[in-house]
There are 4 protein chains.
Amino acid sequence: MDSPQSKHTAAVSGNGDDSGVSDSPKAQAILDASLALFAEKGYDGTAVPLIAEKAGVGAGTIYRYFESKEVLVNILYRRWRTVFRDALLADVPADAPPREVFTMLWNRMADFQREHPQAYAFLEFYNHTYLNEENIALTESIVDFLAGFLRRGQDHGVFRKVPPGMLIFMVLGAFVGLVRAESAGRLELTAEAIRESEEICWRAIT
Amino acid sequence: MDSPQSKHTAAVSGNGDDSGVSDSPKAQAILDASLALFAEKGYDGTAVPLIAEKAGVGAGTIYRYFESKEVLVNILYRRWRTVFRDALLADVPADAPPREVFTMLWNRMADFQREHPQAYAFLEFYNHTYLNEENIALTESIVDFLAGFLRRGQDHGVFRKVPPGMLIFMVLGAFVGLVRAESAGRLELTAEAIRESEEICWRAIT
Amino acid sequence: MDSPQSKHTAAVSGNGDDSGVSDSPKAQAILDASLALFAEKGYDGTAVPLIAEKAGVGAGTIYRYFESKEVLVNILYRRWRTVFRDALLADVPADAPPREVFTMLWNRMADFQREHPQAYAFLEFYNHTYLNEENIALTESIVDFLAGFLRRGQDHGVFRKVPPGMLIFMVLGAFVGLVRAESAGRLELTAEAIRESEEICWRAIT
Amino acid sequence: MDSPQSKHTAAVSGNGDDSGVSDSPKAQAILDASLALFAEKGYDGTAVPLIAEKAGVGAGTIYRYFESKEVLVNILYRRWRTVFRDALLADVPADAPPREVFTMLWNRMADFQREHPQAYAFLEFYNHTYLNEENIALTESIVDFLAGFLRRGQDHGVFRKVPPGMLIFMVLGAFVGLVRAESAGRLELTAEAIRESEEICWRAIT
DNA sequence: CATGAATGAGTTTTCATTCAT
DNA sequence: TATGAATGAAAACTCATTCAT
């Protein structure tokens, strides 16, 4: 229901394969169950047998596919962060007007959240204290890409002359806020809401 | 060092007492240790004996002051959410210009985060799956207050005509983003950065 | 490389067949892998899937040839204890001078250890808590044979008049000690060392 | 029943204390239970909850005193190897006649085995694959001491001119054999048997 | 009051054995 | 016949909670 389809495109440096993770249906069921539970209860709040039960496999089976719970969560994170990165950054037109690019990025983020709400919650609602270096680098690479976009826009006088990280994290944070608002029942993330919030953020950073 | 001093003010409906939690130095040490550990490792990632050690008390002592770990974290949450609420909302002048009020709110939020970074991280970096009804209501009351402020501003044509929850959660989320940006080493939250980000958010919501 | 060739000789009561154990190459590979692993890590320290991997067969295959791990180790023990017995006792000349017989036994033991170091380690370095009655009897039969030899020598005034078991176990134990000394790097078991140690033991028991 | 009394004497370099192992009755009960079970079933054949049950403590209690099963077995080994070393080597008269010294050593070894049969079985009946460097060094230090004794005797023409390690390991191995003979019901280790076997070994090495 | 040693239920992980292919 | 993926029972280990002191 909520598994990455790996529509790899080359916008950002990518590791072409999925580095040793079996794509068997069991492995996939385990990853799916983990995603749902980690999104809901967090990593430390989720017991491995619970994952097994939800995945419909024996507890031991998880360890046939993943060395440990920590390796599992890192693979899950890498998969989804990669999907997120690709969904967000693939084929961003280098020479399009900043306004168009921004709209594209915002809509893609919203699409990702709508299509993969558990993945979005898993990625954004928690402090990932267990991330390995690869995943830290992967996450930073996304910010780096966005920082490049912003810096070029700043050079053209489009974006405010503040540290790009400020704008990036504020915008990403604002979107997390939107999703939380919906969770809190304060908002429905309709197409209209996405459009309005996009305009709000554009106003913010220009 | 980082404990709420309960400078109660009447801006928001408050429960006058602290609901049965002793204010003994031991209880305080336990709450302080919990805050530091929950902020760093999360609720499920923190063992009670570790709290005891950091608090300099016996493990059993924790259970003299708090029925259970879950009760403890709810009390901790309530205390800090209350401090946050009071720090943010106390004596907000009802008739001041929206721009001034917004600046005040932004600066108060920044002050709170600077003075109590652990409390801020505890409150905002995690999904609080264990919150009791009281704490849920307390959290919502803050949003309700802000929603009133926004709605009045909207009525005067100052703020965008979108669901107030959208603006509130986006602004709060943007500030969380700023703090994360600092954690990620992408930003220093200087006075200038606070001023700039405030302006950005003001532009966003108007 | 290290598998018993079943050169059955009739020195000691032998069960003529190999009691239901197939002699297929797979069964042999499993026995060889088991021997290497049990010698190195002990019975309880060796996982069945590891045996399978080392044998180059599937884990399930082991159970086609052996009912259980315990049955496997008993078969392995029987095979090697039998080889040991045959290598030690086959065609011992009944009427040769005790000194010659002793030298022959000592050299045969050394030959066995040199040719099958893993088998020797498996047989002698561990407490075999899992042995079935057949294997216990098999092991005792070797001691019984040696006891007969010693008793005859005692009757001729060649060996010390002490319980034969004392001499047998001391000599066998001394040889185990020699092998351990080599493992510990305190000794090289050269032909000369074998000769010297033989003389030492001969002196001991006469 | 079978716990080291630490009658420290200074014959061999010793670490004066017991390096961080609590001497509480619980820790002692755990060590005693471990000794009995490891002696009977080996390290890998003994489950921690079984140790707990035999010790009359909860399973978790073991981990209050010992970091892990491996640390536990190393501490147990160190304790008993130290007791063995002290029992064997304390105050060995440097200038006594070799024969007297040998008798003393032999009797001390027999005394240790008689007084602490489980400890002797634990120390000598198994391959200790888990030993840390400290314990390896400790074990070697005993052999080194004995090697010095033998080398001096060889210089005086008392002992055979073979590598001292050969004599040491043969004698120690012979004694292990005696104990196994008794286990096998082939022998009773009476005072007379000890005396006779001592003479046998003396004959062997001279 | 305060403790911290003790615990057993629960955690992560392993492994002998099975069974669908 | 051979497999190796799958498993659940049991292993090692952790931790929220209790209770004797």
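Residues numbered from 1 in each chain as written. Chains lettered and ligands numbered in written order. Predicted model: local features only at pLDDT ≥ 70, side-chain atom pairs only at ≥ 80, totals over all residues. Heavy atoms only, no water.

1. Points about the interface of chain A and chain B
We count it as follows: Whether two residues are in contact is decided by their heavy atoms: any pair within 4.5 Å suffices. Buried area is calculated as the accessible area (1.4 Å probe) missing from two parts once they are joined, with the contributions of both summed. Each reported salt bridge corresponds to a side-chain nitrogen of Lys or Arg within 4 Å of a carboxyl oxygen of Asp or Glu. For the purposes of these results, a polar contact is taken to be a pair of N or O atoms within 3.5 Å, where, inside protein, one atom must be able to donate a hydrogen and its partner to accept one; residues adjacent in sequence count only when each atom of the pair is a side-chain atom. Counting from the N terminus, the helices are DSSP H or I runs at least four residues long and the strands are E runs at least two residues long. Amino acids outside the nonpolar list (Ala, Val, Leu, Ile, Met, Phe, Trp, Tyr, Cys, Pro) and the charged list (Asp, Glu, Lys, Arg) are all regarded as polar, and Gly is one of them.
On the side of chain B, 41 residues touch chain A, which itself brings 41 residues to the contact. Roughly 3,400 Å² of surface becomes buried between chain A and chain B when both sides are summed, with 60% attributable to carbon and sulfur atoms. The largest per-residue losses of area from chain A upon contact with chain B belong to M170, R186 and I200 of chain A, which jointly make up 21% of the total buried on that side. Taken together, chain A and chain B are joined by four salt bridges. Of the charged contacts in the structure, one is a salt bridge between D144 of chain B and R186 of chain A, with a shortest N-O distance of 2.8 Å. The tally of links from chain A across to chain B stands at 13 residue pairs in polar contact (both at pLDDT 80 or more). Where the side of chain A that touches chain B is concerned, the elements lending two or more residues are α1 (25–41), α7 (133–155), α8 (164–183) and α9 (191–205) of chain A. No other element matches α8 of chain A, which puts 11 residues into the side of chain A that touches chain B. Its residues assigned to classes, the side of chain A that touches chain B comprises 20 nonpolar, eight polar and 13 charged.

2. A word on the protein's contact with DNA strand E
Note the threshold: The cutoff for a nearby residue is simple: one of its non-hydrogen atoms must lie within 4 Å of the molecule or strand.
Around DNA strand E, 31 residues are found, and the nearest of them are T61 of chain B, V48 of chain C together with T61, R64 and Y65 of chain D. When the atoms of DNA strand E within 4 Å of the protein are grouped by moiety, sugar and phosphate amount to 64% of the total. Contact between DNA strand E and T46 of chain A: a phosphate oxygen at 3.4 Å from a main-chain N or O atom of the residue. Side-chain polar atom of Y63 of chain C to a phosphate oxygen of DNA strand E: 2.9 Å apart, as the coordinates give it. Of all the secondary-structure elements, those providing two or more residues to the surface near DNA strand E are α2 (48–55) and α3 (59–65) of chain A, α3 (59–65) of chain B, α2 (48–55) and α3 (59–65) of chain C together with α3 (59–65) of chain D. A total of five residues in the surface near DNA strand E trace back to one element, the largest contributor, which is α3 of chain B. When its residues are assigned to classes, the surface near DNA strand E shows 13 nonpolar, 12 polar and six charged.

3. A word on the interface of chain D and chain C
Taken residue by residue, the interface counts 40 residues in chain D and 41 residues in chain C. Across the chain D/chain C interface, buried area totals approximately 3,400 Å², and carbon plus sulfur atoms make up 60% of it. For the chain D face of the interface with chain C, the top three residues by lost area are M170, R186 and I200 of chain D, together amounting to 22%. One salt bridge connects E199 of chain D with R160 of chain C, and the closest N-O pair in it is separated by 3.5 Å. In this structure, the connection of chain D to chain C is made through 12 residue pairs in polar contact (both at pLDDT 80 or more). Looking at the side of chain D that touches chain C, the elements that each hand over two or more residues are α1 (25–41), α7 (133–155), α8 (164–183) and α9 (191–205) of chain D. Counting residues per element, the side of chain D that touches chain C draws most heavily on α8 of chain D, which supplies 11 residues. For the side of chain D that touches chain C, the residue count by class is 20 nonpolar, eight polar and 12 charged.

4. A look at the protein's contact with DNA strand F
Neighbouring DNA strand F are 31 residues; T61, R64 and Y65 of chain A, V48 of chain B together with T61 of chain C lie closest to it. Within 4 Å of the protein, the contacting atoms of DNA strand F are 64% sugar and phosphate, with bases supplying the remainder. Take R64 of chain A: an N or O atom from its side chain is 2.3 Å from a phosphate oxygen of DNA strand F. Within the side chain of K26 of chain C, an N or O atom sits 3.1 Å from a phosphate oxygen of DNA strand F. Breaking the surface near DNA strand F down by element, the ones donating at least two residues are α3 of chain A, α2 (48–55) and α3 of chain B, α3 of chain C together with α2 (48–55) and α3 of chain D. Top element by residues in the surface near DNA strand F is α3 of chain C. It accounts for five residues. In terms of residue class, the surface near DNA strand F is made up of 13 nonpolar, 12 polar and six charged.

5. Describing the confidence of the model for chain A
One rule of thumb: low pLDDT means the predicted coordinates there are not for detailed reading. To keep things clear, this is the line we draw: Here pLDDT means the predictor's own confidence in every residue, given as a number from 0 to 100.
Mean pLDDT over chain A stands at 89; residues scoring 70 or higher make up 89%. pLDDT under 50 marks residues 5–20 of chain A. Its contacts with residues more than four places away, or in other chains, come to 25 contacts.

6. A closer look at the pattern of salt bridges
A side chain of one charge can pair with a side chain of the opposite charge if their charged atoms are brought near each other. Let me state the cut-off plainly: Burial classification: accessible surface area is computed with a 1.4 Å probe over protein chains only, and a residue below 20% of its type maximum counts as buried, one above 50% as exposed, and the rest as partly exposed.
For the coordinates displayed, the defined rule picks out 36 salt bridges over all chains. Put simply, R195 of chain A and E199 of chain A hold a salt bridge, and the shortest N to O gap is 3.5 Å. Of this pair, R195 of chain A and E199 of chain A both sit in helix α9, four residues apart, roughly one helical turn. According to the relative accessible area criterion, R195 of chain A is partly exposed, its value standing at 44%. Residue classification places E199 of chain A among the partly exposed positions, given a relative accessible area of 31%. R78 of chain B is the partner of E134 of chain B in a salt bridge, and the nearest nitrogen-oxygen pair spans 3.1 Å. Pair noted here: E134 of chain B is in helix α7 (residues 133–155) and R78 of chain B is in helix α4 (residues 69–89), with a separation of 56 residues, a long-range link. Among the charged side chains, a network of salt bridges with common partners joins R160 of chain A together with E192, R195 and E199 of chain B.

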